[in-house]
Amino acid sequence: MMGKLHVYTGDGKGKTTAAMGLALRSLGHGRRVLIAQFLKDGRSGELAALRTFERATVYPAKPISGFVFAMTAAQKEEAAKQQNAQAADIQSEAERLCPALTVLDELNVALACGMVTRENAERLIDAALAFGDVVSTGRNAPEWLREKGDYVSEIVARKHPFQTEKLAAREGIEY
């Protein structure tokens, strides 16, 4: 049986949190989990915790420097080359590990801003689905990914302290 694709998207807080919770649940049942992040710096607290589990593999992603919207055309091209190479490498890692769950954190954003091609994302997702479930997180999931998803959750922001109090992101809560 092929795995199921979970797509967590929307403008609300909790997409990565939900994905990492699912990873923790899967690990609690003795399953192998692969976690990979796109566009992030790899220093989130959940990654430090998940690295302590024997059956968890946290892919050592190389972060891009800066925000995509602020990059020059040349910087975007270089970042996209790196992110697409990373997608291929994560695919190889999934084929090697055969994880019951693969978390592709912020893949939706990487797709939406042109940092990963649809073709590379589909190859990665399909390869990982051969072994188990796959979670793709991030705002602006493209329509094709929503259609491909078996579970599609839209996280909606109704209220957030950043908007009401200008509260900055807090360690242990937002990252």
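Residues numbered from 1 in each chain as written. Predicted model: local features only at pLDDT ≥ 70, side-chain atom pairs only at ≥ 80, totals over all residues. Heavy atoms only, no water.

Caption draft 1: Seen up close, the packing of helix α3 (residues 73–97) against helix α5 (residues 118–129). In the contact formed by α3 and α5, the axes pass within 9 Å of each other and the chain directions differ by 10°. In terms of orientation, α3 lies roughly parallel with respect to α5. Residues N84, A87, I90, Q91, A94 and E95 of α3 form the contact with α5, whose participating residues are N120, R123, L124, A127 and A128. Split by residue class, the contact of α3 with α5 holds six nonpolar, three polar and two charged. (Axes fitted to C-alpha atoms, helices over the stretch in contact; angles between N-to-C directions. Helix = DSSP H or I, 4+ residues; strand = E, 2+ residues; numbered from the N terminus. Parallel < 35°, antiparallel > 145°, perpendicular 65-115°, else oblique. Contact = heavy atoms within 4.5 Å. Nonpolar A, V, L, I, M, F, W, Y, C, P; charged D, E, K, R; others polar.)

Caption draft 2: Expanded view of the packing of aromatic side chains. Taken as a whole, this structure holds one aromatic pair when the rule is applied. Judged by centre distance (5.6 Å) and plane angle (20°), the rings of F67 and F69 are stacked. In this structure, F67 and F69 share a single accessibility class: exposed. (Phe/Tyr/Trp six-rings, centres within 6.5 Å; stacked < 30°, edge-to-face > 60°. Buried < 20%, exposed > 50% of the residue type's maximum accessible area, 1.4 Å probe, protein only.)

Caption draft 3: Spotlight on the nonpolar core. With 31 residues, the main nonpolar core has F38, I90, L104, L107, V116, I125 and L145 as its most contacted residues. Mapped by element, the contributors of at least two residues to this core are β1 (5–9), β2 (33–37), α3, α4 (107–112), α5 and α6 (143–148). With six residues, α3 is the single largest residue contributor to this core. Ignoring any residue separated from it by four or fewer positions in sequence, one finds L104 in contact with A36, F38, I90, L124, I125, V134, V135, S136 and T137. Residues L27, A56, V58 and L101 belong to the second largest nonpolar core, which totals 15 residues. (Core = buried A, V, L, I, M, F, W, Y, C linked by side-chain atoms within 4.5 Å.)

Caption draft 4: Layout of the pairing of β1. Among the five residues of β1, five are classified as buried, and the element is accordingly described as predominantly covered. As paired strands, β1 and strand β5 (residues 133–137) are joined by four bridges and run parallel to one another. From the neighbouring strand, H6 faces β5, where its bridge partner is V135. Sheet topology note: the β1/strand β6 (residues 151–154) ladder contains four bridges and is parallel. Among the inter-strand pairings, Y8 is bridged to a residue of β6, identified as S153. (Pairing = 2+ DSSP bridges.)

Caption draft 5: Broad picture of the sheet that holds strand β3 (residues 56–58). The six strands lie next to each other as β3-β2-β4-β5-β1-β6, forming an open sheet whose pairing is parallel. Of all the strands in the sheet, just β3 and β6 have a single pairing partner and so form its edges. Between one strand axis and the next, the sheet turns by 10° as a mean value, whatever way the strands run.

Caption draft 6: Focus on α5. With 12 residues, α5 should cover 16 Å at 1.5 Å per step; its first-to-last C-alpha distance of 16 Å lies within 8% of that length. Taken together, the buried positions of α5 are N120, A121, L124, I125, A127, A128 and L129. Turning to α5, the residues buried within the fold contact β1, α3, β4 (101–105), α4, β5 and α6. (Expected span 1.5 Å × (residues − 1).)

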